[in-house]
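Notes for the structure review
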Amino acid sequence: MRLVTLAWLAFLFSIPLWMSDLYVLHVLIMTGIFIIAAMSLNLLLGYTGQLSLGHVAFFGIGAYVSSLASLGFEAHLLPGVLVKMEPKPVWLGMLCAVTIAGLCGWVIGRISFKVRGAYFVIVTVSFAEVIRLVALNWVELTQGPMALNNIPALRLGTPELFELSFLRKPANYYLVLVVAVLSYILIRRLVQSRAGRAMIALRENEPLATSVGVDVTKYLVLATMVSAAMAGAAGAIYAHYVRIVDPDVFLFIYTVTMVIMVVTGGKGTLAGPVVGGLIFGLLPEILRAAEIKPEVQWVIYGVLMVLVVYFLPEGIVPAVRNWRRRHHEPATAAAPPASIEPAR
Amino acid sequence: MLKVEGLVCRYGKVAAVRELSIDVRAGELVTLIGANGAGKTTTLKAISGVLPAASGRITFQGEDITRASARRILQLGIAHCPEGRRVFPYMTVRENLEMGCYLRSDADQVAADMRRLFERFPILYERRDQAAGTLSGGEQQMLAISRALMSSPKLVLFDEPSLGLAPNLVERTFEIIKEIRSQGVTVVMVEQNAFAALELSDRSYVLEQGRVTLTGTGAELLDNPHVKSAYLGA
């Protein structure tokens, strides 16, 4: 298993070395950014069981905060209080983006600590819509529909000594890959810790989790916060890669895309959002390359998605895992599942 | 050991428990019986800290736990075995047991306790790596009881342990509860099956509309004409 992982990583790291088609790299970068966002959503949806249908808000907040910090701004943050900020280095802007997105996650977690299920969905959807309207209408700060332009690319180091600039696609590809791997490791450590066990308990049976002494609110807030910060990081990378941000980053369809990636890949599994993200992130491009009529492309996309959800309701990763278990360890498969045992 | 005085619990404006008082001595097996909506489950939830009490006072071994958190109460030694969905369905049997000692940090003792429970319930050991949701109803109940014991409690609150179980399993469950008591753990149990509850218990409280209307030893209540007509169908 370790070897397979290493081989995969080596393959992913080698892509810019032999792939000369920049468009392919662009598609991979965008897919990678979405995979980071999907992984962050999976922490909430897959592990605590709470569906954040406004997850794109954290992504967009990350994009806007990082852009504004690196562009500088002059706006009335409160009526009559003019705040002027000089442009800051991009890496600092990205840190601000992660922090502020995380803070927003904390607030949402606190506000919604009493609401679950459908009500949590409503709180997050409303939050995303409010943030979108703010981005659209607070022209002084966000330029509204005119968008924030000329967002600088990330640069690390100083021009005199050694500078790493993320202007080109291969550099951005590596940035996304490294952040994605770090996010994966962070989520893995988190869900395998005591905190992760508490989150899963909360998902499976909340009253029982409370009665065995899990501080439900604390872990729900923690999960929302980490998840939001990670989505914010994805948004910040997006902003400095695409280098233009407009209120369309808050479109509902992006949240839906993340949910599709998590659910088809397998929610509550570590690899799920990665697999789902790769498939449903790359599929539109593959179909386009196949030169099928555009409307047919989307029909195929939709049908494939329905098929996955219909036949693999738990997602691709759990399905593959079950299939492998059945074929490689016939001994354990021989034990009948107890669910079909007659009740005694 | 456990003293509940003038407990009032509300769901919104509706009072489910009104001025209820009960008293449990160390080593006793006390049952709460009554019709649906009498406030039995609510009382247990208030004791374990899952539901905040509107007023009244709950003390455990002399310490006021009326406003304590569920964690704190568990740490003091009260385990709650709630009704209905009793296990974490997608966790394995072993993980369920580990959740039971979520607050304990004495790893060696935990391992020993788990071994002991596995010896007592070999079926759980056999199924230790199986998702708890795939166990039969009786096995899930054994798991739920074992999980409650994993916190090494001084007092266990059982809520409707016989609910949804086949008759022979009900008997088995009651035997396990008796065993637990005989090992020095105090038990408070809520039970619909009034006859079995009264036979089993040292003392019993009859709850009606959130109040205690009768109390006495199991044998006394079994002979009580009101209990007979209202709960035993005799």
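Residues numbered from 1 in each chain as written. Chains lettered and ligands numbered in written order. Predicted model: local features only at pLDDT ≥ 70, side-chain atom pairs only at ≥ 80, totals over all residues.

Helix and strand counts for chain A come out as 15 helices and four strands. Relative to the compact-globule value of 20 Å for 344 residues, chain A shows a C-alpha radius of gyration of 21 Å, a close match. Each of the three principal axes of chain A carries a C-alpha extent, and together these read 75 × 50 × 45 Å. Taking all 344 residues of chain A together, 42% fall into the buried category. Look at the contacts in chain A between residues 6 or more apart in sequence, and 75% of them connect residues 24 or more apart. (Helix = DSSP H or I, 4+ residues; strand = E, 2+ residues; numbered from the N terminus. Rg over C-alpha atoms; globule rule 2.2 N^0.38 Å. Buried ≥ 20, exposed ≤ 12 C-beta atoms within 10 Å, placed from the backbone. Contact = placed C-beta atoms within 7 Å.)

Here the focus is the overall build of chain B. Tallying secondary structure elements over chain B gives 10 helices and 10 strands in all. Relative to the 2.2 N^0.38 estimate, which gives 17 Å for 234 residues, the radius of gyration of chain B is 17 Å and therefore close to what a compact globule would have. Long-range pairs, those at least 24 residues apart, make up 65% of the contacts in chain B between residues at least 6 apart in sequence.

Caution applies to low-pLDDT parts of the model: their predicted coordinates are not meant to be read in detail. Per-chain confidence: chain A averages 87 in pLDDT, with 95% of residues scoring 70 or above. Scored below 50 in pLDDT, residues 331–344 of chain A shows 19 contacts in the model against residues more than four places distant or in partner chains. (pLDDT = per-residue confidence, 0-100.)

Attention now moves to the interface of chain B and chain A. Tallying the contact residues gives 25 residues for chain B and 18 residues for chain A. When residues of the side of chain B that touches chain A are traced back to their parent elements, those giving at least two are helix 2 (70–76), helix 3 (93–100) and helix 6 (137–149) of chain B. With three residues, the top contributor of residues to the side of chain B that touches chain A is helix 2 of chain B. Counted by class, the side of chain B that touches chain A contains 14 nonpolar, eight polar and three charged residues. (Nonpolar A, V, L, I, M, F, W, Y, C, P; charged D, E, K, R; others polar.)

Turning to the sheet that holds strand 2 (residues 14–24) of chain B, a few remarks are in order. Residue and element names in this part refer to chain B. Across the sheet, four strands lie side by side as 2-1-4-5; this open sheet has antiparallel pairing. Only two strands of the sheet have a single neighbouring strand rather than two, namely strand 2 and strand 5 (63–64). Pairing of strand 4 (residues 55–60) with strand 5 involves two bridges; the strand directions are antiparallel. Each bridged residue has a counterpart across the sheet, and for Phe60 the counterpart in strand 5 is Glu63. (Pairing = 2+ DSSP bridges.)

All names here are of chain A. Mapped onto the secondary structure, Val308 falls in helix 13 (residues 294–311). For Val308 and Gly265, which are 43 residues apart along the polypeptide, the C-alpha to C-alpha distance reads 9.1 Å. Leaving out residues up to four positions away in the same chain, Val308 has contacts with Thr264 and Ile316.

Further remarks concern the sheet that holds strand 6 (residues 78–81) of chain B. Residue and element names in this part refer to chain B. Strand order in the open sheet formed by six strands is 6-7-8-3-9-10, and the pairing between neighbours is mixed. The open sheet has two edge strands with one neighbour each: strand 6 and strand 10 (211–217). Between one strand axis and the next, the sheet turns through 15° on average, direction left out of account. In terms of strand pairing, strand 3 (residues 29–34) meets strand 8 (residues 186–190) through four bridges, oriented parallel. (Axes fitted to C-alpha atoms, helices over the stretch in contact; angles between N-to-C directions.)

This paragraph deals with helix 13 of chain A. The end-to-end C-alpha distance of helix 13 of chain A is 26 Å, a good match for the 26 Å that 18 residues give at a rise of 1.5 Å each. Here helix 13 of chain A lies mainly on the outside; one of its 18 residues are buried. (Expected span 1.5 Å × (residues − 1).)

Right, let's talk about the nonpolar core for a bit. All names here are of chain A. Judged by nonpolar contacts, the single largest core of 157 residues is most densely connected at Ala37, Ala101 and Ala234. For this core, the element with the most residues is helix 10 (residues 216–242), which contributes 18 residues. The contacts of Ala101, once residues within four sequence positions are left out, are Phe58, Ile61, Gly62, Ala228, Ala229, Ala231 and Gly232. (Core = buried A, V, L, I, M, F, W, Y, C linked by C-beta atoms within 7 Å.)

Residue and element names in this part refer to chain B. In terms of strand pairing, strand 3 meets strand 9 (residues 203–208) through five bridges, oriented parallel. Across the sheet, the residue bridging to Ile33 is Val206, located in strand 9. As defined by bridge partners, strand 9 adjoins strand 10 across six bridges and the pair is classed as antiparallel. Note that in strand 10 the partner of Val206 across the bridge is Leu214.

What follows deals with helix 4 (residues 107–120) of chain B. Residues and elements named next belong to chain B. Counted at 1.5 Å a residue, the expected span for helix 4 with its 14 residues is 20 Å, and the 20 Å between its end C-alpha atoms agrees. Turning to helix 4, its buried residues are Asp113, Met114 and Leu117. With its buried residues spanning 100° around the axis, helix 4 presents them on a single face. Among the exposed residues of helix 4, those oriented more than 90 degrees off its buried face are Asp108, Ala111, Ala112, Arg115, Arg116 and Glu119. In this fold, the buried residues of helix 4 make contact with helix 3, helix 5 (122–126) and helix 6. (Arc of directions from axis to C-beta.)

Residues and elements named next belong to chain A. It is the contact of helix 8 (residues 194–204) with helix 10, at a shortest axis distance of 10 Å, that shows an interaxial angle of 105°. Taken together, the axes of helix 8 and helix 10 are roughly perpendicular relative to one another. Each of Ala195, Ala198, Met199 and Leu202 in helix 8 lies in contact with helix 10, whose residues at this interface are Val216, Tyr219, Leu220, Leu222 and Ala223. For the contact of helix 8 with helix 10, a count of residues per class yields nine nonpolar, no polar and no charged. (Parallel < 35°, antiparallel > 145°, perpendicular 65-115°, else oblique.)

What follows concerns the confidence of the model for chain B. Residue and element names in this part refer to chain B. Of all residues in chain B, 100% attain a pLDDT of 70 or more, and the chain-wide mean is 87. The element-level mean pLDDT for chain B is lowest in helix 10 (residues 225–232), coming to 80, with strand 8 highest at 93. Scored by ipTM, the complex comes to 0.79, with pTM at 0.83.

So, on to unusual backbone geometry. All names here are of chain B. The phi torsion at Glu19 lies on the positive side, around 50°, for a residue other than glycine. Mapped onto the fold, Glu19 is located in strand 2. In this structure, Ser152 is a non-glycine residue whose phi angle is positive, near 40°. Residue placement: Ser152 occurs in the loop between helix 6 and strand 7 (155–159). A tally of 15 C-beta atoms within 10 Å means that Ser152 is categorised as partly exposed.

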